[in-house]
Amino acid sequence: MNDRIVTWNLDPVIYWITDSFPLKYYGLFFITGLLLANYVAKRIYIKENVPIKNLEKLFFYIIIGIVLGARLGHCFFYEPSYYFQNPIEILLPIQKIGGSYQFTGFQGLASHGGAIGALIAIGIYCKKYKTNFLWVLDRIAIATPIVAVFIRLGNFMNSEIYGKPTNGNWGVIFQRDDLIPRHPTQLYEAFSYLLIFGILLFTYKKMANKLSNGQIFGLLLVLVFSARFLIEFFKENQVGFEDTMTINMGQILSIPFIIVGLILIFIKISPKHSEKL
């Protein structure tokens, strides 16, 4: 085998807690990413003398928003016809196999849906606790790429959301599916998001006092979804209907986020520091 080709055949299940309930790498990585992002956000809140109890409440809202948004996004963006016929599978981690329902975990989470869900959750939190929406988004934006890094690493462990075939002289063979060397697009994205985290943290430390509310969040949107748009060119389509599209669903859904990010960067919004608490 060419030494530039890696064969990947990891079992996605770490351990079967019971006969029907597995502990999977994806879930473990997802939780790890959330906890690390929460730690980074906590350091920011401490630095700015904002009560940690505020972040603890916000963190709960965000988790609910991400999970619900990611699940609903996958169901409605990618497989609406299937889930309209099987609505019970939308919010329950089960799937009908052989005439009976079995626990499978959620078979599909969409990052764009997760982003929308998180935004809605933060909006609800800010309205309830009378907190400046864009101020919160700027601080949460810094930690957000960490979650994205671990989600894509989880996808890699699952041998899913991989790339198109390479020229055959290099790449990763996801042996659970086929024997074709492919672009490890999960790792491309994970590295991109780690780099974006570094850029945002640097921007916050060096320029926070010079920026208007919403500009760091706008930078997050532009960087993350531009990276996602470009990497999609190397990625296999997730569902069949994308094969007839010039750009796929992931790229289409990325465009509005990029536009909103550019608007936030170039249209300065006066800061209202008194509302951040």
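Bear in mind the structure is a predicted one, so any value in this text is a computation, not a measurement.

Turning to the overall build of the protein chain, a few remarks are in order. Scanning the protein chain from terminus to terminus reveals 9 helices and 7 strands. Taken over C-alpha atoms, the radius of gyration comes to 20 Å for the protein chain, in line with the 19 Å a tight globule of 277 residues would show. A principal-axis box enclosing the C-alpha atoms of the protein chain has dimensions of 55 × 45 × 35 Å. Going through the 277 residues of the protein chain one by one, you find that 47% of them count as buried. In the protein chain, 66% of the contacts between residues at least 6 apart in sequence involve partners at least 24 apart.

This part covers helix H5 (residues 111-129). Helix length check: H5 (19 residues) gives 27 Å between terminal C-alpha atoms against 27 Å at 1.5 Å per residue, within 8%. Count one or two residues on from H5 and you reach lysine 130, which has phi positive near 50°.

Turning our eyes to something else, we now look at the UniProt feature "transmembrane region" (unreviewed entry) in the protein chain. Per the UniProt entry, the sites bearing "transmembrane region" (unreviewed entry) are residues 25-46, 58-79, 109-126, 133-153, 187-204, 216-234 and 246-267 in this numbering. Here residues 109-126 runs as 89% helix and 0% strand, with 25 Å between its end C-alpha atoms. Annotation note: span residues 216-234, helix share 84%, strand share 0%, distance between end C-alpha atoms 28 Å.

To continue, consider unusual backbone geometry. Look at asparagine 49: it is not a glycine, yet its phi comes out positive at around 60°. One can find asparagine 49 in the loop between helix H1 (25-47) and helix H2 (52-77). The backbone of lysine 130 shows a phi angle near 50°, a positive value even though the residue is not glycine. Topologically, lysine 130 is positioned in the loop between H5 and helix H6 (133-157).

Residues Leu58, Ile122, Val136 and Ile140 are the most contacted members of the largest nonpolar core, which totals 53 residues. Counting residues per element, the ones that place at least two in this core are H1, H2, H5, H6, helix H7 (185-207), helix H8 (215-231) and helix H9 (249-266). Here this core takes 14 residues from H6, the largest share from any one element. Among all residues touching isoleucine 122, those that are not within four sequence positions of it are Leu58, Ile62, Phe133, Val136, Leu137 and Ile140.

Taken in spatial order, the 3 strands make up an open sheet running S1-S6-S7, and their pairing is mixed. Of all strands in the sheet, those with a lone pairing partner are strand S1 (5-8) and strand S7 (181-182), marking the two edges. Where S1 and strand S6 (residues 171-174) come together, 4 bridges link them in parallel fashion. Across the sheet, the residue bridging to threonine 7 is isoleucine 173, located in S6.

Turning to the UniProt feature "binding site: a 1,2-diacyl-sn-glycero-3-phospho-(1'-sn-glycerol)" (unreviewed entry) in the protein chain, a few remarks are in order. When the UniProt feature table is mapped to this numbering, "binding site: a 1,2-diacyl-sn-glycero-3-phospho-(1'-sn-glycerol)" (unreviewed entry) covers Arg152. Summarising the element assignment, arginine 152 is placed in helix H6. Relative accessible area serves as the criterion here: at 7%, arginine 152 is assigned to the buried category. Residue contacts for arginine 152: discarding those within four places in its chain leaves Ser111, Ile161, Gln186, Glu189, Ala190, Tyr193, Arg228 and Lys235.

Summing up the model confidence of the protein chain, the mean pLDDT is 88 and the portion of residues at 70 or higher is 94%. Note that pLDDT drops below 50 for residues 272-277; the model gives that stretch 15 contacts with residues more than four away or on any other chain.

Moving on: the packing of aromatic side chains. Working definition: an aromatic ring pair is given by the centre-to-centre distance plus the angle between the planes. Here the structure, examined in full by the defined rule, presents 14 aromatic pairs. Centre to centre, the rings of tyrosine 25 and phenylalanine 29 are 6.4 Å apart; their planes meet at 80°, and the pair counts as edge-to-face. Taken together, the residues span about one helical turn, with tyrosine 25 and phenylalanine 29 both in helix H1 at a distance of 4 residues. Relative to phenylalanine 257, the ring of phenylalanine 225 lies with its centre 4.2 Å away and its plane at 15°, an arrangement referred to as stacked. One end of the pair, phenylalanine 225, is in helix H8; the other, phenylalanine 257, is in helix H9, with 32 residues separating them in the sequence. As far as burial versus exposure is concerned, phenylalanine 225 and phenylalanine 257 are alike and both buried. Through a chain of ring-to-ring contacts, the aromatic side chains of Trp8, Phe156, Tyr162 and Phe174 assemble into a single cluster.

Quick notes on the rules
Residues numbered from 1 in each chain as written. Predicted model: local features only at pLDDT ≥ 70, side-chain atom pairs only at ≥ 80, totals over all residues. Heavy atoms only, no water. Helix = DSSP H or I, 4+ residues; strand = E, 2+ residues; numbered from the N terminus. Rg over C-alpha atoms; globule rule 2.2 N^0.38 Å. Buried < 20%, exposed > 50% of the residue type's maximum accessible area, 1.4 Å probe, protein only. Contact = heavy atoms within 4.5 Å. Expected span 1.5 Å × (residues − 1). UniProt positions renumbered as here; feature names shortened; annotations may be inferred. Core = buried A, V, L, I, M, F, W, Y, C linked by side-chain atoms within 4.5 Å. Pairing = 2+ DSSP bridges. pLDDT = per-residue confidence, 0-100. Phe/Tyr/Trp six-rings, centres within 6.5 Å; stacked < 30°, edge-to-face > 60°.

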